[in-house]
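# Observations on the model geometry
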Amino acid sequence: MRILVLNHEFPPIGGGGGRAAESLCRHLAKRGHTIKVLTSHLNDLPREEQRDGYHIIRIPALRTQPFRASFLSMTAYVLAGLWAGLRLVRAFHPHVIHVHFAVPAGALAWMLSKLTRVPYVLTAHLGDVPGGVPEKTSDWFRWVFPITRWIWRDATARVAVSEYTRALAHKHYDEDILVIPNGLEVNAEKPDSIRVNSPPAIVFAGRFMEQKSPLLVMQTLRAIVDLPWKCVMIGDGPLMPDVKRSIAECGLSDRIVLTGWITPDEVMKHFDQSDILFMPSLSEGLPVVGVQALAKGLAIVASRVGGFVDLVDEDRNGYLIESGDKAGFRARLQELLKNPSRLLSLRQYSLEKAKSFEIASIAERYEKIFAGIPRRG
């Protein structure tokens, strides 16, 4: 099949939604499908690129930061994408448009579909659902919510990446929604063997925004400074200055490393050297970093929110704590840091849990959806 993928964020731009789309594109291309991705340009990235058997086209979208999309840049992506998308549809003749995020790319998919009659399949990742990430999206959903009803209604099929995302979407949209989690090439990422590092290594990965609670990482680690551990915090964002200041104030500069915004391959290298993924998030869809952590055999200590419920089997590969419960996070980290054999057991179970997120099975589920759409020729 010929598949046109729309996503305003695609690696190295953006977070988990872009990485999930990248994994899916790579595997669908391996399975013989012809894929073209229309995404945002940033800085000196090439305007067009062949990667892993598929074609990436980047359009000017006023994007200024890899870790954050402003409302202006999302609007610019839709407007620029309409012109570029029409030309691409006429030249490429896609059988289907696969759009990630109802907002903003969903608006572009809806317009292209109306103008060209190419059907589209929508995948929602949480931040594009009203109430999913209120601190980030509540303001602009006041303006765009009426339009999103058309986007959800007119999709040929709708997918949510977690049960939580689907349940939240059903509060606003009376449509059938499937659940297909984000996937990863688990077998390719699986380590040859695992052991607990000395000292144990904790990793946080995500945008430095309120949604991810990076400051709570420092507050928690400060309370267990008497135990052996080291920590890497991967990512960047508007809270970076506050994170740096908090690290200095807590006296943790020699134990916490800030990497800034790095490539997905570099993220995985850090996961190879880690034992525990610590994510005290306020909200999540199906976090790609959580799937990556499973593939690398990391224990997970995370908030009981969104897709983490799908990733963590309590007391088997990790623990889920109520958001903001500093004492709860501290107690579970203490337990694992004091008991390396217990930590190793959780890590080993994560490797088993990862098998259900293998990208091959995820891609097959999307293939069945695409195959059920009548072809235009």
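Look above for the structure.
These lines cover the structure that appears in this document, whether it is placed above or below. (Residues numbered from 1 in each chain as written. Predicted model: local features only at pLDDT ≥ 70, side-chain atom pairs only at ≥ 80, totals over all residues. Heavy atoms only, no water.)

## A short note on the overall build of the chain
- Helix and strand counts for the chain stand at 14 helices and 14 strands.
- For the chain, the C-alpha radius of gyration of 20 Å lies close to 21 Å, the compact-globule estimate for 377 residues.
- When its C-alpha atoms are laid out on the principal axes, the chain stretches across 65 × 40 × 40 Å.
- Taking all 377 residues of the chain together, 61% fall into the buried category.
- Across the chain, contacts joining residues at least 24 apart in sequence account for 70% of those joining residues at least 6 apart.
- Surface accessibility of the chain: about 15,300 Å² in total, with carbon and sulfur atoms responsible for 51%.
- Counting 47 positive and 39 negative side-chain charges, the chain places the centres of these two groups 4 Å from one another. (Helix = DSSP H or I, 4+ residues; strand = E, 2+ residues; numbered from the N terminus. Rg over C-alpha atoms; globule rule 2.2 N^0.38 Å. Buried < 20%, exposed > 50% of the residue type's maximum accessible area, 1.4 Å probe, protein only. Contact = heavy atoms within 4.5 Å. Areas by Shrake-Rupley, 256 points an atom, 1.4 Å probe, with all protein chains shown as cover. Lys, Arg positive; Asp, Glu negative; His and termini not counted. Charge placed at Lys NZ, Arg CZ, Asp CG, Glu CD.)

## What about the packing of aromatic side chains?
- Counting across every chain of the model gives eight aromatic pairs.
- In textbook terms, an aromatic cluster arises when at least three aromatic residues are bridged by ring pairs, as seen for Phe145, Trp152 and Tyr173.
- Taking the ring centre of Phe92 as reference, the NZ or CZ of Lys36 above it sits at 5.4 Å.
- Between Arg332 and the ring centre of Tyr319, over which it is positioned, the NZ or CZ distance is 4.0 Å. (Phe/Tyr/Trp six-rings, centres within 6.5 Å; stacked < 30°, edge-to-face > 60°. Lys NZ or Arg CZ within 6 Å of the ring centre and 35° of its normal.)

## Observations concerning the packing of helix H12 (residues 326-338) against helix H13 (residues 340-354)
- Between H12 and H13, the least distance of the axes is 5 Å, while the angle of their chain directions is 105°. What the angle tells us is that H12 and H13 run roughly perpendicular. Contacts from Glu335, Leu336, Leu337 and Lys338 in H12 reach Pro340, Arg342, Leu343 and Leu346 in H13.
- Here the residues of the contact of H12 with H13 sort into five nonpolar, no polar and three charged. (Axes fitted to C-alpha atoms, helices over the stretch in contact; angles between N-to-C directions. Parallel < 35°, antiparallel > 145°, perpendicular 65-115°, else oblique. Nonpolar A, V, L, I, M, F, W, Y, C, P; charged D, E, K, R; others polar.)

## Some words on the nonpolar core
- Core analysis: the largest hydrophobic core is formed by 61 residues, its most contacted members being Leu221, Trp229, Met233, Ile256 and Phe271.
- The greatest single-element share of this core, amounting to five residues, is contributed by helix H10 (residues 288-295).
- Beyond its immediate stretch of four places on either side in the chain, Ile256 contacts Met218, Leu221, Trp229, Cys231, Met233 and Ile247.
- If you look at the next biggest cluster of nonpolar residues, it comprises 39 residues, including Leu4, Leu126, Val133 and Ala155. (Core = buried A, V, L, I, M, F, W, Y, C linked by side-chain atoms within 4.5 Å.)

## Examining the side chain of Asp128
- Along the chain, Asp128 turns up in the loop between strand S6 (120-124) and helix H4 (134-154).
- Taking relative accessible area as the criterion, Asp128 reaches 1% and is therefore assigned buried.
- Looking at Asp128, its side chain comes within polar contact range of the main-chain nitrogen of His125, at 3.0 Å. (Polar contact = N/O pair within 3.5 Å; in protein donor to acceptor, adjacent residues only side chain to side chain.)

## Comments concerning the environment of Asn317
- As for its position among the elements, Asn317 is in the loop between helix H11 (308-311) and strand S14 (318-321).
- For the pair Asn317 and Lys212, spaced 105 residues apart in the sequence, the C-alpha separation amounts to 21 Å.
- Beyond its immediate sequence surroundings of up to four residues, Asn317 is in contact with Leu294, Leu298, Ala299, Ile300, Leu311, Val312, Leu346, Tyr349, Ser350 and Lys353.
- Within the structure, Asn317 has its side chain in polar contact with the side chain of Ser350 (distance 3.3 Å).

## Let's talk about the side chain of Thr39
- With respect to the helices and strands, the residue Thr39 is situated in strand S2 (residues 34-40).
- Of the residues examined, Thr39 reaches a relative accessible area of 1% and is grouped as buried.

## A closer look at the sheet that holds strand S8 (residues 178-179)
- Here eight strands make up an open sheet; going across it, the order is S3-S4-S2-S1-S5-S6-S7-S8 and the pairing mixed. Either end of the sheet is taken by a strand with one partner, and the two such strands are strand S3 (48-51) and S8.
- Packing of helix H3 (residues 105-116) onto the sheet brings it into contact with strand S1 (2-6), S2, strand S5 (96-100) and S6, and relative to S5 it is tilted by some 160°. (Pairing = 2+ DSSP bridges.)

## A short note on the sheet that holds strand S13 (residues 299-303)
- Pairing is parallel in the open sheet, where six strands are placed in the order S11-S10-S9-S12-S13-S14. Among the strands making up the open sheet, the edge pair consists of strand S11 (256-260) and S14. Ignoring which end each strand starts from, the neighbouring axes of this sheet average 15° apart.
- Bridge count for strand S9 (residues 201-205) against strand S12 (residues 276-279) is two bridges, and the pairing is parallel. Within the sheet, the bridge partner assigned to Val203 lies in S12 and is Leu277.
- Helix-sheet contacts for helix H8 (residues 240-250) involve strand S10 (230-234) and S11, and the interaxial angle to S11 is about 160°.
- Together, S12, S13 and S14 form the strand contacts of H12, whose direction differs from that of S13 by roughly 175°.

## Re the pattern of salt bridges
- One pass over the full model with this rule turns up 25 salt bridges.
- When salt bridges that share partners are traced, they join Glu22, Arg26, Lys30, Glu49, Arg51, Asp52, Arg58 and Glu185 into one network. (Salt bridge = Lys/Arg side-chain N within 4 Å of Asp/Glu carboxyl O.)

## What about the pairing of strand S4 (residues 54-59)?
- Within S4, six of the six residues are buried, leaving the element largely enclosed by the surrounding structure.
- Burial along S4 is two-sided: Tyr54, Ile56 and Arg58 and His55, Ile57 and Ile59, pointing in opposite directions, are all buried.
- Examined bridge by bridge, S2 and S4 share five bridges and lie parallel to one another. Looking at the pairing, Ser40 lines up with Ile59 of S4.
- Examined bridge by bridge, S3 and S4 share four bridges and lie antiparallel to one another. The partner of Gln50 across the bridge, within S4, is His55.
- Taking the residues that link successive antiparallel strands as the turn, the S3-S4 hairpin has two residues, and the phi of Asp52 there is positive, at about 50°.

Purely geometric numbers; function is a separate question.
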